[in-house]
Structure formats: structure tokens, C-alpha cells
Amino acid sequence: QVQLVESGGGLVQAGGSLRLSCAASGFIFRINVMGWYRQAPGKQRELVASCTNGGATNYANSVKGRFTISRDNAKNTVYLQMSSLKPEDTAVYYCNTNGALGNYWGQGTQVTVSA
């Protein structure tokens, strides 16, 4: 079955960096769109960044220039490099894949940015 397992979250001071990883299994990783979403308390889940199978990327305006999404098709893993973190980046970050088998989510990883 499709599985997405996130890691790399934690507590960091404002201005710091974190790298999230999402290990995928159960589907043909290289042909699927992969994305990172986040949900802060009391807010709707929102797209942070996505990466197509061709490597095209898309970012939320709030993270452009600070976050970078990348994928390693040999390792079935997608990454989110986050730099210049701000307290408003605090949220649970979710890995997502959307393809022929459907739309799937990971369990999420908490990112907390202290002021």
C-alpha cells in the first residue's frame, strides 16, 4: 500500500534552517507529483511546495526564496529545505502524493519556530 513517512521536524529559532524528508513506498514514485503541505492550529491546510515528475516546482508566495523542494527518484524521497524560518512557519508539515492510485498523505511532522 502507499506509504509516506515524514521526518526532520523539530524546534528551531527564527532565522534557522531545517530539512524535511518524506520516504515513499507502494507506488511508482518517479511518475507522481509530490508535495508538501502545512497546517497551523486553527487554520486550513495549505500547499507549501510541489514538484512534478519532470522536476517543475511550485511554491506558496509566503515561502518563495526561503524553501526549496527536491526529489531523489533513486531513493523514493522528497525533501523540503527550509531556511530563514519565521515563527509563522510553525505548523504540522505533511507530505502528499497525487497520482494514478489516488491522493495520499503522510502522518505529518511538527515544525516549531521560536521568536
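Computed from a prediction, not measured in an experiment: that's the story for all the values here. (Residues numbered from 1 in each chain as written. Predicted model: local features only at pLDDT ≥ 70, side-chain atom pairs only at ≥ 80, totals over all residues. Heavy atoms only, no water.)

J.: I tried to follow the overall build of the protein on my own but got confused; where do I start?
T.: Each helix and strand in the protein was counted, giving 0 helices and 11 strands. Overall, the protein shows an N-to-C arrangement of helices and strands of β-β-β-β-β-β-β-β-β-β-β. For 115 residues, the compact-globule formula gives about 13 Å, and the C-alpha radius of gyration of the protein, at 13 Å, lands near that figure. Along the three orthogonal principal directions, the C-alpha set of the protein runs to about 40 × 25 × 20 Å. Burial status across the protein gives 41% buried among its 115 residues. Residue pairs in contact within the protein that sit at least 24 positions apart in sequence constitute 54% of those at least 6 positions apart. Counting every atom, the protein has about 6000 Å² of accessible surface; 48% of that belongs to carbon and sulfur. The protein carries 10 positive and 5 negative side-chain charges, and their two centres are separated by 4 Å. (Helix = DSSP H or I, 4+ residues; strand = E, 2+ residues; numbered from the N terminus. Rg over C-alpha atoms; globule rule 2.2 N^0.38 Å. Buried < 20%, exposed > 50% of the residue type's maximum accessible area, 1.4 Å probe, protein only. Contact = heavy atoms within 4.5 Å. Areas by Shrake-Rupley, 256 points an atom, 1.4 Å probe, with all protein chains shown as cover. Lys, Arg positive; Asp, Glu negative; His and termini not counted. Charge placed at Lys NZ, Arg CZ, Asp CG, Glu CD.)

J.: Would you explain the pattern of salt bridges in this entry?
T.: Oppositely charged side chains can form a pair if their charged atoms are brought close together. A complete count under the given rule lists 3 salt bridges for this structure. For Asp89, the salt bridge is made with Arg38, and the minimal N-O distance between the two is 2.9 Å. Linking Asp89 in the loop between strand E8 (77-82) and strand E9 (91-99) with Arg38 in strand E4 (residues 33-39), this pair joins segments that are 51 residues apart in sequence. Each of Arg38, Glu46, Arg66 and Asp89 takes part in one network of salt bridges that share partners. (Salt bridge = Lys/Arg side-chain N within 4 Å of Asp/Glu carboxyl O.)

J.: Hey, could you run me through the state of the cysteines in this one?
T.: Working definition of a disulfide: a covalent bond connecting the sulfur atoms of two cysteines. Evaluated as defined, the whole model comprises 1 disulfide. With a sulfur-sulfur separation of 2.1 Å, Cys22 is cross-linked through a disulfide to Cys95. Disulfide Cys22 to Cys95: torsion about the S-S bond roughly -85°, handedness left-handed. Of the two residues, Cys22 is situated in strand E3 (residues 18-25) and Cys95 in strand E9; the sequence distance between them amounts to 73 residues. (Disulfide = S-S within 2.5 Å.)

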